[in-house]
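Overview (structure and organization)
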Amino acid sequence: YYFGSKEALARELVRDGARRSDRERRRRLDALERAGGPRSPAEAIRVIVAPETERLRPDAPPVGFGHMRFVAGLQGPHRRLLSAAFEDGLNEGYLRCQRHLRRLLPGVPDAAMRRRLVFLNLFLGTSLAAREAAFEADPSGGALWGRPEAIEDLIAAAAALVAGGANPEHGARD
């Protein structure tokens, strides 16, 4: 009853996870930008992924652990609620990563880049949600997510998704 409605509670839960993840993304981006980066799409995407996967202390879960499954569950049926929860700059780090991706991939037409960034969001969100579920079911992460190279493979796939190639069906229309 404190939040007034289920929607308000859900919005605050999303905002709480977003605050933690975005704080870490901004910290990482600040360091990369001071050093002249990010220098590749994978480096920018790693900033998006790291708060959801890396532990800041050995005894702690990743900064955003649990958050991605909740967000992925809201993406379809409650898109407006999810969008409203990210108002007030709670996704500043994510948006900065998107700007870097645009800068790093100048050959991708704007319309194609907009679509690819939506696909990136969906791909990373559902992949990270599946990873969380795997670790909850099996603390080792299982055959897929328990492998040390799994996160780098996810980042490489995401970078390829955004960079893609020219779509010969669309050509100049993009």
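Just above, that's the structure.
The notes below deal with the structure included here. Here the structure is a predicted model, which is why all the values come from computation and not from measurement.

About the cut-offs
Residues numbered from 1 in each chain as written. Predicted model: local features only at pLDDT ≥ 70, side-chain atom pairs only at ≥ 80, totals over all residues. Heavy atoms only, no water. Salt bridge = Lys/Arg side-chain N within 4 Å of Asp/Glu carboxyl O. Helix = DSSP H or I, 4+ residues; strand = E, 2+ residues; numbered from the N terminus. Buried < 20%, exposed > 50% of the residue type's maximum accessible area, 1.4 Å probe, protein only. Contact = heavy atoms within 4.5 Å. Core = buried A, V, L, I, M, F, W, Y, C linked by side-chain atoms within 4.5 Å. Axes fitted to C-alpha atoms, helices over the stretch in contact; angles between N-to-C directions. Parallel < 35°, antiparallel > 145°, perpendicular 65-115°, else oblique. Nonpolar A, V, L, I, M, F, W, Y, C, P; charged D, E, K, R; others polar. Expected span 1.5 Å × (residues − 1).

Considerations on the pattern of salt bridges
Per the stated rule, a full pass over the model turns up 10 salt bridges. Between arginine 26 and glutamate 92 there is a salt bridge, with its nearest N and O atoms 4.0 Å apart. Pair noted here: arginine 26 is in helix 1 (residues 6–34) and glutamate 92 is in helix 5 (residues 92–104), with a separation of 66 residues, a long-range link. A relative accessible area of 28% means that arginine 26 is categorised as partly exposed. By relative accessible area, glutamate 92 is classed as partly exposed at 35%. Across the pair arginine 46 and glutamate 152 runs a salt bridge whose closest N-O atoms are separated by 2.6 Å.

Let's talk about the environment of valine 47
Relative to the helices and strands, valine 47 is located in helix 2 (residues 41–53). Using a relative accessible area of 4% as the deciding quantity, one classes valine 47 as buried. Excluding residues within four positions of it along the chain, valine 47 makes contact with Arg25, Arg28, Leu29, Leu32 and Cys97.

Observations concerning the nonpolar core
Ranked by size, the top nonpolar core spans 28 residues in total, and within it Ile45, Val49, Leu120, Leu124 and Trp145 carry the most contacts. For this core, the secondary-structure elements that each account for two or more residues are helix 1, helix 2, helix 5, helix 6 (110–137) and helix 8 (150–163). Residue contributions to this core peak at eight residues, all from helix 6. The residues touching leucine 120, leaving out its near neighbours within four places in the chain, are Ile45, Ile48, Tyr94, Leu101, Ala158, Leu161 and Val162.

Some remarks on the packing of helix 2 against helix 5
Contact geometry of helix 2 with helix 5 gives a least axis separation of 9 Å together with a crossing angle of 170°. With respect to each other, helix 2 and helix 5 are oriented roughly antiparallel. Residues Pro41, Ala44, Ile45, Val47 and Ile48 of helix 2 form the contact with helix 5, whose participating residues are Tyr94, Cys97, His100, Leu101 and Leu104. Of the residues assigned to the contact of helix 2 with helix 5, the class counts are nine nonpolar, one polar and no charged.

So, helix 8
Relative to the 20 Å expected for 14 residues at 1.5 Å per residue, helix 8 spans 20 Å between its end C-alpha atoms, a close match to the ideal helical length. Among all positions of helix 8, only Ala150, Ile151, Leu154, Ile155, Ala158, Ala159 and Val162 are buried. Tucked inside the fold, the buried residues of helix 8 contact helix 2, helix 6 and helix 7 (142–145). Once helix 8 ends, the next one or two residues include glycine 164, with phi positive near 40°.

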